[in-house]
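Here are the chains, one letter per residue:
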Amino acid sequence: MDGFLWGEYPAGFRYYGKGIPVPTPDPGRVRTRHKPGHATNATASPTGEVLSPAGFADDEDYDAPDIEEQNEALATKKGNVRPDLQTRPSWMIWTMSHWDYTVIPNYWEYARKYTLCDAFYSSLTGPSQPNHLYTVAAQSGGLVDNIGQGDLQIYSFPSIIELLGKANITWTYYTGNPVPIQTLWNPLPGFKQYAAGYDLNSHLSTTAKFYQDIKSGTLPQVSWLIPSKGVSEHAPENIQAGMWYVTKLVNAVMQSNYWQSCAIVIMWDDYGGFYDHVTPRLVDEYGYGFRVPAIIISPYALSGQVVHTTYDLTSPLKLLETKFQLSALTGRDGASNSMLECFDFSQAPLAPDIITENTKLDFSDMASR
């Protein structure tokens, strides 16, 4: 818990991280199939991240040249720390910062009108790829790092695909990519081999299709919405752009007939390198990871309340399993709290809180706190 500053960049981890044990993926559950022409002689970075053939760390935002340039400036070559890495990078000051209602007012508005969960954790002490696996499978097969974009990962363990398919529950995984493909943020194509005979592609779509399904009244019973890079709020992207992406999605639901019976869970896949003073509870060798924000929006969400129950990225799975009477995928989601603590189904339904760029949000009561 005292390593946020030195752990933020590869050179810091190389110096301070010696001897820290890192689990490895279970080869029986996670395999890599190299794509033709993709380099297979990559090495590992000090954090376990796969380095490019040039020796640079590939960021989660695989199509973002600005981040790739930043990683190139921070990476190590041939195991030696470059002289320009002896001083702390200037952007590291953001590690000890936070965003308040003056920067992300829409999230603050949702939190005070609906429900905020202040004990919600990422499932694994690691980055996006393994944590996204937890959101659909309640495990990562022992994977703790981002393997990368160039290869296809094959996951040989059960996922939500089987649970919802066998129960005839309609669902779609919407992503911000023009074509729904396997990425660090969309692991489902990697389960195709395990879910043989299941038409997985029919359940993968785009964010644009989500808006179409809302308008046509064909929204499935369960939806995941995964952003594109530019609205992901992944550093150094504009966090306000991400806020408005989420707001427009929420507005679309609130302005439809689906609002009357919906439950929206807004969450982040990992802590993004930002400092947090709350030590995660250790439930196994993988997690929990650090706290992440979570907001529950629904006509039946507790209004203006903070729920202190412990949750992680498998808790929405437990909510689905409870709602549709499904079995648990692993011990992790089986032991998770179901998030029903965030709802009161006997209350008068809450009104939608539609926020646009012309909405005047009053936080004068916050200024004196």
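Our structure is the block above this text.
Residues numbered from 1 in each chain as written. Predicted model: local features only at pLDDT ≥ 70, side-chain atom pairs only at ≥ 80, totals over all residues. Heavy atoms only, no water.

1. Observations regarding the sheet that holds strand 7 (residues 222–226)
Moving on, step 1. One open sheet accounts for 3 strands, arranged 6-5-7; its pairing is parallel. Looking along the sheet, the strands with just one partner apiece sit at the ends: strand 6 (204–206) and strand 7. Neighbouring strand axes in the sheet, compared pairwise and without regard to direction, differ in orientation by 25° on average.
Moving on, step 2. Pairing analysis gives 5 bridges linking strand 5 (residues 171–175) to strand 7, with the strands arranged parallel. From the neighbouring strand, T172 faces strand 7, where its bridge partner is S223. (Pairing = 2+ DSSP bridges. Helix = DSSP H or I, 4+ residues; strand = E, 2+ residues; numbered from the N terminus. Axes fitted to C-alpha atoms, helices over the stretch in contact; angles between N-to-C directions.)

2. Some details on the packing of aromatic side chains
Moving on, step 1. Scanning the entire structure with this criterion turns up 16 aromatic pairs.
Moving on, step 2. With centroids separated by 5.6 Å and ring planes inclined at 10°, the aromatic side chains of Y121 and Y288 adopt a geometry described as stacked. Of this pair, Y121 sits in strand 3 (residues 120–121) while Y288 sits in the loop between strand 8 (264–267) and strand 9 (294–297), placing them 167 residues apart in sequence. An identical accessibility class is assigned to Y121 and Y288; each is buried.
Moving on, step 3. Aromatic pair Y300 and F345: ring centres 5.9 Å apart, planes at 40°, arrangement tilted. Within this pair, whereas Y300 is found in the loop between strand 9 and strand 10 (305–307), its partner F345 is found in the loop between helix 9 (331–335) and helix 10 (364–367), the two being separated by 45 residues in sequence. (Phe/Tyr/Trp six-rings, centres within 6.5 Å; stacked < 30°, edge-to-face > 60°. Buried < 20%, exposed > 50% of the residue type's maximum accessible area, 1.4 Å probe, protein only.)

3. Side note on helix 4 (residues 128–137)
Moving on, step 1. Of all 10 residues that make up helix 4, 10 are buried, and the element is covered over most of its length.
Moving on, step 2. The complete set of buried residues in helix 4 reads S128, Q129, P130, N131, H132, L133, Y134, T135, V136 and A137.
Moving on, step 3. A138 sits one or two residues past helix 4 and shows a positive phi near 60°.

4. Considerations on a nonpolar patch on the surface
Moving on, step 1. A contiguous nonpolar patch, built from L5, M96 and Y275 and spanning about 290 Å² of accessible area, is present on the exposed surface.
Moving on, step 2. Tracing the chain through its elements places L5 in the segment before helix 1 (10–16).
Moving on, step 3. Since its relative accessible area comes to 35%, L5 is described here as partly exposed. (Patch = residues over 30% accessible without salt bridge, like charges linked within 9 Å, V, L, I, M, F, W, Y side chains within 5 Å. Areas by Shrake-Rupley, 256 points an atom, 1.4 Å probe, with all protein chains shown as cover. Salt bridge = Lys/Arg side-chain N within 4 Å of Asp/Glu carboxyl O.)

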